[in-house]
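# Inside the fold
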Amino acid sequence: MKLEKFMEAVTIKVQEIAGEDASVHVQEVRKNNNVLLHGMTILRKGQNVSPTIYLDSFFEMLEDGMDLEYIVRRILEVYVKGLPKSKVDMEFFRDFEKVKDRIVYRLVNREKNKELLDNIPHVDFLDLAICFYYSYEHSELGEGMILIHNNHMKMWKTCHRELMQMAERNTPQLMPAQLCSMDNALRGVLEEGALEDLRLLQQETGKYLYVLSNEKRCQGAAAILYPGILAEAARRLKGSFYILPSSIHEVILLPDDGRGNGDGLHEMIADINQSQLREEEVLSDYAYRYDAATGKVFEVL
């Protein structure tokens, strides 16, 4: 069964179970790096918010041999679990004064998100783009992000410069930076023996790697924009360093010993992106360098 047929079959079955007072729709959702997913919403009368259920992973379950009836039950379980217990008032989102203190930024790849960037406010940064979100904490909805589009700017009568000012203030406060050594970052991920090998390797080479993210380790690559954080990293690393975009969630900081090979770094990053990351997690295939003397970041050619 192809994806289109699967979505059609699932929609029919979910609609039958949900009944006539529910509206079931599937639409394409463009995620980071132009990754297209297929999101189902089930909206009952009187509801104004419903979780988006992405069908792509459920289609993989079908391809792995899972029964369609079982998949439909799982979809409905996800729907019920994510459904707010009461009607959610979203009118506050129309008032800029009520949202401005929770506007934050993220970093995305500019080339891979051309189509998306046409519809959202953003600021160019190297080969990347800074885009803006509303970060919410809601008793019914939990935590999440709402991407800010051009039509939101019109509604709020604001511009990308003001959004940038808000985000520069809010993001470090709401998502504090986390700058730690590589072995500390991997504690709990690698076994103690492997961590000790990493420590010895760093001691032997004199290259101590650091990981920069935020405390939630989510969309943490944007921490390189935080005021003073790269200068603090230069102090710990005792000089200039390379910034390796591990993913949209974190970057790795590598001391510059003056013998760096830009092509080698690019090849390493591209290989990791291709073999270790999902497409929507990739930030860039290129390394950057922070110059401790000037306090500036530039692309490594």
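Residues numbered from 1 in each chain as written. Predicted model: local features only at pLDDT ≥ 70, side-chain atom pairs only at ≥ 80, totals over all residues. Heavy atoms only, no water.

### Points about the nonpolar core
- By size, the foremost hydrophobic cluster in this structure holds 50 residues, and its most contacted members are Ile103, Tyr105, Phe132, Leu212, Phe241, Ile243 and Leu253.
- Top contributing element to this core by residue count: strand β6 (residues 128–138), with 8 residues.
- The residues touching tyrosine 105, leaving out its near neighbours within four places in the chain, are Ile130, Cys131, Phe132, Met164, Ala167, Glu168, Thr171, Ala222, Leu225 and Tyr226. (Core = buried A, V, L, I, M, F, W, Y, C linked by side-chain atoms within 4.5 Å. Buried < 20%, exposed > 50% of the residue type's maximum accessible area, 1.4 Å probe, protein only. Helix = DSSP H or I, 4+ residues; strand = E, 2+ residues; numbered from the N terminus. Contact = heavy atoms within 4.5 Å.)

### Brief notes about the pattern of salt bridges
- For the structure on display, the rule yields 16 salt bridges.
- Here aspartate 101 makes a salt bridge to arginine 169, at a shortest N to O gap of 2.7 Å. Within this pair, whereas aspartate 101 is found in the loop between α4 (96–99) and β4 (103–109), its partner arginine 169 is found in helix α7 (residues 160–174), the two being separated by 68 residues in sequence.
- By relative accessible area, which is 45% here, aspartate 101 ends up partly exposed. (Salt bridge = Lys/Arg side-chain N within 4 Å of Asp/Glu carboxyl O.)

### Quick word on helix α3 (residues 68–82)
- Helix length check: α3, at 15 residues, gives a terminal C-alpha distance of 21 Å against a target of 21 Å (1.5 Å per residue), a fit within 8%.
- Burial in α3 covers these residues: Leu68, Ile71, Val72, Ile75, Leu76 and Tyr79. Mapping the buried residues of α3 onto a view down its axis gives an arc of 135°, with all of them on the same face. In this structure, α3 carries Val80 and Lys81 as exposed residues pointing more than 90 degrees from its buried face.
- Against the buried residues of α3 lie α1 (3–18), β2 (36–44), β3 (53–54) and α2 (56–63). (Expected span 1.5 Å × (residues − 1). Arc of directions from axis to C-beta.)

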